[in-house]
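Take a look at the letters that make up each chain.
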Amino acid sequence: MKQVITGNSATAYGAKLSRPGVISAYPITPQTTIVEYIANFMADGELENTQYIKVESEHSAMASCISAGIAGSRVFTATSSHGLALMHEVLMWAAGARIPMVMVNVNRAMGPPWSVWADHQDSIAQRDTGWMQVFAENNQEILDLVIQSYKIAENSDVMLPNMITQDAFYLSHTVEPVDIPEQEAVDEFLPAYEPDHTVNIGKRQGFGSLVMPDNYMEFRYKMAKAMDDSRNIIKKTDAEFGKKFGRSYGGMMEFYKCEDADYVLLGAGTSVSTARQAVDELRKEGKKVGIAKLRYFRPFPYEEVRKLASMVKGIGVFERTFTFGHGGPFYNEVMGALYNDPAGSKPFIKNYILGLGGRDVKLDDVKDVFKNLEHETNNGITEEVQWHGLLKPQEVK
Amino acid sequence: MAKTYDELPIMPISDTSSEGVKTGSWRTYMPVIDLKKCVKCNNCWKFCPDVAIYIGEEGFPHVNYDYCKGCGICANECPTKAINMTRGDSE
Amino acid sequence: MTKLTIPAEEYMNSGHMACQGCGAGLAMRYALKALGEKTVISIPACCWAVIPGVYPNSCLNLPLVYTAFEVTGASISGIRAALDAQGKKDVNVVGFAGDGGTADIGLQSLSGMVERNTNAIYICYDNEAYMNTGIQRSSSTPEGTWTTTTPVGTTKYWELTKKKNMVEIMVAHNIPYTATASVAYPEDLIRKVKKAASIDGPSYIHIFAPCPTGWKSDPSKSVELARKVVTSHIFPLYEVENGVYKINMKPKKTPIKEYLMMQGRFRHLDDEFIEKYDKEIEKDWEKLIQKEAFTSEQ
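Below, the structure is looked at part by part. Quick caveat, the model's predicted, so the values are computed rather than measured.

### Comments concerning the interface of chain C and chain B
Accessible area lost upon the coming together of the parts is a frequently used measure of interface size.
Then step 1. Each partner contributes residues to the interface: chain C has 31 residues there, and chain B has 31 residues.
Then step 2. Of all the secondary-structure elements, those providing two or more residues to the side of chain C that touches chain B are helix 1 (23-35), strand 2 (57-58) and helix 9 (222-231) of chain C.
Then step 3. Tallied by class, the residues present in the side of chain C that touches chain B amount to 14 nonpolar, 13 polar and four charged.
Then step 4. Examined bridge by bridge, strand 2 (residues 16-17) of chain B and strand 2 of chain C share two bridges and lie parallel to one another. Paired with S17 of chain B across the bridge in strand 2 of chain C is S58 of chain C.

### Remarks on the nonpolar core
Then step 1. One finds V264 of chain A together with V183 and I207 of chain C to be the most contacted residues of the largest nonpolar core, which totals 232 residues.
Then step 2. With nine residues, helix 1 of chain C is the largest single contributor of residues to this core.
Then step 3. When we break this core down by domain, the ones giving at least three residues each are domain 1 (2-200 + 207-245) and domain 2 (253-387) of chain A.

### Examining the sheet that holds strand 8 (residues 238-241) of chain C
Then step 1. Strand order in the open sheet made by the 10 strands is 1(B)-9(A)-3(C)-1(C)-4(C)-5(C)-7(C)-6(C)-8(C)-9(C), with mixed pairing throughout. Edge positions in the sheet fall to strand 1 (13-14) of chain B together with strand 9 (244-247) of chain C, since each of these pairs with one other strand and no more.
Then step 2. Looking at chain direction, strand 6 (residues 177-182) of chain C and strand 8 of chain C are connected through three bridges and run antiparallel. Looking across to strand 8 of chain C, one finds that Y177 of chain C is bridged to E241 of chain C.
Then step 3. The strands that helix 7 (residues 186-198) of chain C touches are strand 4 (92-98), strand 5 (121-126), strand 6, strand 7 (203-208) and strand 8 of chain C; relative to strand 6 of chain C, the one it contacts most, it runs at about 160°.

### Section: the packing of helix 1 of chain C against helix 7 of chain C
Residues and elements named next belong to chain C.
Then step 1. As a packed pair, helix 1 and helix 7 sit with axes 8 Å apart at the nearest point and diverge in direction by 45°. Accordingly, the angle class assigned to the pair helix 1 and helix 7 is oblique. In the packing of helix 1 onto helix 7, the handedness of the crossing is right-handed. Together, Y30, A31, K33, A34 and L35 of helix 1 and P186, L189, I190, V193, K194 and A197 of helix 7 make up the contact between the two elements.
Then step 2. Its residues assigned to classes, the contact of helix 1 with helix 7 comprises nine nonpolar, no polar and two charged.

### Overview of the pairing of strand 3 (residues 63-66) of chain C
Then step 1. The side-chain alternation of strand 3 of chain C yields two buried faces, one formed by P63 and V65 of chain C and the other by L64 and Y66 of chain C.
Then step 2. Bridge count for strand 9 (residues 205-207) of chain A against strand 3 of chain C is three bridges, and the pairing is parallel. Directly across from G206 of chain A, in strand 3 of chain C, lies its bridge partner L64 of chain C.

Basis of the calculations
Residues numbered from 1 in each chain as written. Chains lettered and ligands numbered in written order. Predicted model: local features only at pLDDT ≥ 70, side-chain atom pairs only at ≥ 80, totals over all residues. Contact = placed C-beta atoms within 7 Å. Helix = DSSP H or I, 4+ residues; strand = E, 2+ residues; numbered from the N terminus. Nonpolar A, V, L, I, M, F, W, Y, C, P; charged D, E, K, R; others polar. Pairing = 2+ DSSP bridges. Core = buried A, V, L, I, M, F, W, Y, C linked by C-beta atoms within 7 Å. Buried ≥ 20, exposed ≤ 12 C-beta atoms within 10 Å, placed from the backbone. Domains from an automatic or database assignment. Axes fitted to C-alpha atoms, helices over the stretch in contact; angles between N-to-C directions. Parallel < 35°, antiparallel > 145°, perpendicular 65-115°, else oblique. Left-handed = near helix turned anticlockwise from the far one by under 90°.

In structure tokens:
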């Protein structure tokens, strides 16, 4: 059934169709309408077997989801920005407790300065928690990802929580046509949650107890291995979803017109949509350009990055966040993936920081970045990390 | 005792009784019950934080020295002072 | 042979890591006798996160969900929601936390759980400081106490503020049932936990649990301390059901100095302080008696 809905509405539909046992969430702009849509579903009896806890903070939202997960229910929550940051401690717990839950994070800038607009800093700051992370480009992808992610997470080789991110306002509050699948079809694709490790009444079980140094590393290694193994599960599930519902997304990364490209931009989220249009227009002018859409950031698609590096002359890693280290997080991980690449590909790579705090990434911005990338690939780098579009305009050749 | 990698579940779930840990080795003093003075009030059984006193068939309390940490609560709560904390062997 | 005054069945076994004479050990032992086998228990960071033992050992013969420090109220909300969603409504869902994880860092999630009318039991075992991390003060530490963050020093730096009254905070939430309990009175404690389990809604039990390690007291005196704290009126035994107060024991008052001087954490207090403290205790006791009279008339 096709409807014209916002990213938040798509999120709520995705959650509903996945038949969660417990939803526990706390409102924060711009995620608020997610919790409201869910409340409406509850009020209209469309989530009969779901318990909805209107908790008193995001930290409690995540904590109650974890314990509900241990007690054997499929759980869902959503948040944004400072709410996600507040959850940080218990995000670590959810991953270590191997709760296969799904959370939608609406990517929003961190304050101060206060900002409610799109920025990836909030999600990126959680990249070391052990959560899987995927960036949605449009509202259809959000809905599809909620359903897919439960299937991926609940796979016994994975059992890691999944974070689906969507850009604030560009997706959360913007309507797009979305095909909402039928419940029966989703039920066939995503069976009921039947966990192995869960509460057994009357049995001696201590979930998450104290472990001495002689065993702790092994538990963490198991998490790392699961993250590694999830790559195949991601690709398989995406393909399976495509077979069932007619839509798949290219696995960990999607290459758009990269096969014969010289210059490619690598990025995530809604600015990829803008970049696609820029690529199409530049191609008409004869420029051999493409866009590599980073979907999954955790696990990191290092194999796809290495493949990309072998195909092109120059890569512009553009991102909506920063590490306050040397370059942004995508740039760091791309560089990290390539240093020990057995194929030894060494394309020109430059980091572009754009769109923080909801600053619009316009078509011209993307074209400027392509222009700069091409120029510097052939004439040498000026600065490794370039903040694009600052108030004092930099000269781009 | 460490488990091997393959034995470990994905998340630590403790499922073994702690009775394998003989906390009796913590003791400095040990309670000795004089059954002649005992009135079978069950106070010692009731107030032991380590569940280290059990009531036998005859109704008399017995100390499980494998686990008794020698705290002395039983001696303190005994109404007839039938329990003596002695500086005996820990075994 | 005297009949047992508390249930015989044990759900906690020996071999756990509690200190000699641990009041918290008794608190759990008694609470589980009241709760029975159909119980899921959630424990945050506190002494009881360590007491069951190191993986793979557990001294509790029940499902135990270990959690982060401040989340007990949220955790039991989640467990109850999950069990309800699965149709398992006849299982007790219990949070068991120390005073730090209840009155300080855990206060928000406890408040949320109670306010939402969650069908769960919250038990706080109160040893009057952050004991698991080495005897630092909490808001449950009474005035005059030595702790490692309120040492006496040369400037009388001991704990200066009054003990936070959690039960009164719970009453202000319109909680259906809340009560104080002490490990010296296991029959009363067990009756109250049983009562809490029968309520379809939130309940809060505040158990006084002496800590010989943190209080610098003789381990053999833990139960005696838990008795004297009640008889000196410092920690009255009472329960509040739907706003109606009931004092369970109106003992003949014993001198508070007798109670205080059994503990090294109070040994720096002089008679002037003790006298002032005693007056405050009696004032609070009087208030409680009036509350009982006032609320029973309504």
